[in-house]
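Spelled out from the first residue to the last, the chains are:
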Amino acid sequence: MKNKVRYMIQAAAAVFFNGFATGFIKGRIFRGKTKGICIPVLNCYSCPGAVAACPIGSLQAVLGSRNSKFSFYVLGTMMLFGVILGRAICGFLCPFGFIQELIYKIKTPKIKIPQKIDRPLRYLKYVVLIVLVIVLPLFLTNEFGMGNPYYCKWLCPVGTLEGGLPLVLMNDSLKKAVGLLFSWKVGILVVILILSVLIYRPFCKYLCPLGAFYGLFNRISFVKLDINRDKCVECGLCEKTCKMNVSVLKNINSTECIRCGECKSACPKQAIDIKSLTRDVKSQETSAEE
Amino acid sequence: MKKENSKLILYFRMICLVIAITFIVIGIANGEINTVATKATNICLECIGIG
């Protein structure tokens with residue numbers, strides 16, 4: 001798939017998930033019934049345009065609430081999206097991933113993080129998922145048994161970009177309430193955006209808890225990549241092209257693959273294809289019968 | 001070998017799919033969707049860096 005088509009899908013998804021245009025004009029958020037529905041991407045529900053709920057924010061809201069200590073609805077929704085699409089969600093639907101990709105297009109020398117540093121850093125997003133999204137909201141609670149959304153509060157750059165900045169700019173009461181926390185969050189956002197000029201999708205690679213969760217489903221998701229070993233000449237062009245630094249030849253459905261399809265486009269032998277596993281099993285059964 | 005592996009993945013995928021749908025149904029029955037909606041229809045001060 002050509003990147004242009006993917007960019008168009010990403011742009012359409014960003015508009016679709018943030019379709020409440022009035023919110024941006026009036027500086028308020030959408031309050032309709034669809035706000036209870038979780039979308040597959042990291043998209044702050046305090047963004048003036050957001051028409052549905054961010055799964056990571058929702059997960060913390062339920063885990064940190066007084067009544068529930070397990071979020072069936074949000075986890076089920078995240079699992080469903082993960083099983084169907086895996087990290088194709090990151091590659092095709094996530095607005096913040098799209099923003100990082102656009103910034104990476106700025107023509108500057110790019111940094112390739114050495115594998116020794118890159119590998120351990122990739123696990124950081126799992127720490128973020130477990131500690132900030134699950135453990136702290138569950139156990140670090142106030143006297144009423146309610147926990148804060150620690151990830152949203154201390155780390156999430158999406159909330160600052162989509163929610164914080166537009167709302168603060170358009171509301172005097174919020175402007176007056178700005179303090180050290182806001183400066184901290186703007187600082188994080190600025191660092192991530194600057195890093196995005198030099199490194200491909202740094203937030204997705206190292207910090208995104210939702211990407212970490214979906215990555216766990218990459219091997220079993222309906223949307224998968226497959227190498228035809230009969231066609232492959234192991235030239236390694238796919239691995240050189242992959243900006244997520246996936247070892248395509250060894251593990252094409254790695255937890256890091258966002259299904260952008262650049263390896264597929266780069267392959268001179270058309271050995272890489274997007275497949276559903278059902279089709280794969282059927283074709284193998286047919287060839288075995290023959 | 002590859003066939004067995006593919007079938008195993010297929011079964012695992014189906015199990016995850018069933019669990020996911022079951023979780024969603026239980027969650028909706030528990031009223032979790034209201035908790036999410038309540039949170040999402042009010043400005044989340046923590047999310048925007050105020051609270």
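Residues numbered from 1 in each chain as written. Chains lettered and ligands numbered in written order. Predicted model: local features only at pLDDT ≥ 70, side-chain atom pairs only at ≥ 80, totals over all residues. Heavy atoms only, no water.

What to know about the environment of A:Gln10
Residues and elements named next belong to chain A.
So, step 1. Along the chain, Gln10 turns up in helix H1 (residues 3-17).
So, step 2. Given the relative accessible area of 0%, Gln10 is considered buried.
So, step 3. Apart from the residues lying within four places of it in its own chain, the contact partners of Gln10 are Cys90, Gly91, Phe92, Phe98, Glu101 and Arg201.
So, step 4. Side-chain polar atoms of Gln10 contact the backbone oxygen of Gly91, separated by 3.1 Å. (Helix = DSSP H or I, 4+ residues; strand = E, 2+ residues; numbered from the N terminus. Buried < 20%, exposed > 50% of the residue type's maximum accessible area, 1.4 Å probe, protein only. Contact = heavy atoms within 4.5 Å. Polar contact = N/O pair within 3.5 Å; in protein donor to acceptor, adjacent residues only side chain to side chain.)

Thoughts on the interface of chain A and chain B
So, step 1. Listed by partner, the interface residues are 54 residues for chain A and 39 residues for chain B.
So, step 2. Carbon and sulfur atoms supply 73% of the area that chain A and chain B bury against each other, a total of about 3,900 Å² over both sides.
So, step 3. Applying the counting rule to chain A against chain B returns 0 salt bridges.
So, step 4. At the junction of chain A and chain B, the tally comes to 11 residue pairs in polar contact (both at pLDDT 80 or more).
So, step 5. Sort the elements by how many residues they give to the side of chain A that touches chain B and helix H4 (residues 72-85) of chain A lands first, with 9 residues.
So, step 6. When its residues are assigned to classes, the side of chain A that touches chain B shows 29 nonpolar, 16 polar and 9 charged. (Buried area = accessible area lost by both parts, 1.4 Å probe. Salt bridge = Lys/Arg side-chain N within 4 Å of Asp/Glu carboxyl O. Nonpolar A, V, L, I, M, F, W, Y, C, P; charged D, E, K, R; others polar.)

Quick notes on the side chain of B:Glu32
So, step 1. If you trace the backbone, B:Glu32 turns up in helix H2 (residues 32-40).
So, step 2. A distance of 3.2 Å separates a polar atom in the side chain of B:Glu32 from a polar atom in the side chain of A:Ser71.
So, step 3. Non-local contacts of B:Glu32, meaning those with residues more than four positions away in its chain, are made with A:Val62, A:Phe70, A:Ser71, A:Phe72, A:Tyr73, A:Val74 and B:Gly27.

So, the nonpolar core
Residues and elements named next belong to chain A.
So, step 1. Counting 63 residues, the largest nonpolar core has Leu42, Ile56, Val74, Tyr151, Phe203 and Phe213 as its most contacted members.
So, step 2. Considering each element in turn, this core owes the most residues, 7 residues, to H4.
So, step 3. Each residue touching Leu42, except ones within four places of it in the same chain, is listed here: Cys54, Ile56, Cys94, Pro95, Tyr151, Val158, Phe203, Cys208 and Leu210. (Core = buried A, V, L, I, M, F, W, Y, C linked by side-chain atoms within 4.5 Å.)

As for a nonpolar patch on the surface
All names here are of chain A.
So, step 1. On the surface, Ile117, Leu121, Leu124, Val127, Ile130, Val131, Val135 and Phe139 cluster together into a nonpolar patch covering about 660 Å² of accessible area.
So, step 2. Where the nonpolar patch is concerned, the elements lending two or more residues are helix H7 (115-122) and helix H8 (124-139).
So, step 3. Looking at the nonpolar patch element by element, the count peaks at 6 residues for H8.
So, step 4. With respect to the helices, strands and loops of the structure, Leu121 is situated in helix H7.
So, step 5. Residue classification places Leu121 among the partly exposed residues on the basis of a relative accessible area of 32%. (Patch = residues over 30% accessible without salt bridge, like charges linked within 9 Å, V, L, I, M, F, W, Y side chains within 5 Å. Areas by Shrake-Rupley, 256 points an atom, 1.4 Å probe, with all protein chains shown as cover.)

A few points about the confidence of the model for chain B
All names here are of chain B.
So, step 1. On average, residues of chain B score 90 in pLDDT, and 92% of them reach the 70 mark or higher.
So, step 2. Here helix H1 (residues 2-29) is the element of chain B with the lowest mean pLDDT, 90, and helix H3 (residues 45-48) is the one with the highest, 94.
So, step 3. At the level of chain-chain contacts, confidence expressed as ipTM amounts to 0.93, with global pTM at 0.92. (pLDDT = per-residue confidence, 0-100.)

What to know about the packing of aromatic side chains
So, step 1. This structure, assessed with the given rule, holds 11 aromatic pairs over all chains.
So, step 2. Each ring, one from A:Phe70 and one from B:Phe23, has its centre 5.6 Å from the other, and the planes form 90°; the classification is edge-to-face. Taken together, the residues span two chains, with A:Phe70 in the loop between helix H3 (55-63) and H4 and B:Phe23 in helix H1.
So, step 3. Measuring from ring centre to ring centre gives 5.4 Å for A:Phe96 and A:Phe203, while their planes differ by 85°; the resulting arrangement is edge-to-face. Of this pair, A:Phe96 sits in helix H6 (residues 95-104) while A:Phe203 sits in helix H13 (residues 202-206), and the two are 107 residues apart along the sequence.
So, step 4. Each residue in the set A:Phe70, A:Phe72 and B:Phe23 is aromatic and connected to the rest through ring pairs, giving one cluster.
So, step 5. The ring of A:Tyr104 carries A:Lys110 above its face, with NZ or CZ at 4.4 Å from the centroid.
So, step 6. Over the aromatic face of A:Phe222 sits the side chain of B:Arg13, whose NZ or CZ is 4.2 Å from the ring centroid. (Phe/Tyr/Trp six-rings, centres within 6.5 Å; stacked < 30°, edge-to-face > 60°. Lys NZ or Arg CZ within 6 Å of the ring centre and 35° of its normal.)

Observations concerning unusual backbone geometry
Residue and element names in this part refer to chain A.
So, step 1. The phi torsion at Glu234 lies on the positive side, around 55°, for a residue other than glycine.
So, step 2. For Glu234, the location among the structural elements is in the loop between strand E1 (224-227) and helix H15 (237-241).
So, step 3. A relative accessible area of 56% means that Glu234 is categorised as exposed.

So, the environment of A:Ile56
Residue and element names in this part refer to chain A.
So, step 1. Tracing the chain through its elements places Ile56 in helix H3.
So, step 2. Residue classification places Ile56 among the buried positions, given a relative accessible area of 0%.
So, step 3. Between the C-alpha atom of Ile56 and that of Ile134, which follows or precedes it by 78 residues, the distance is 9.6 Å.
So, step 4. Those residues in contact with Ile56, other than ones at most four positions away along the chain, are Leu42, Met78, Val133, Tyr151, Pro209 and Leu210.

Focus on the side chain of A:Ser65
So, step 1. Tracing the sequence through the fold places A:Ser65 in the loop between H3 and H4.
So, step 2. Within the structure, A:Ser65 has its side chain in polar contact with the backbone oxygen of A:Val62 (distance 2.7 Å).
So, step 3. Dropping the residues within four chain positions of it, A:Ser65 is found in contact with A:Gly145, A:Met146 and B:Thr35.

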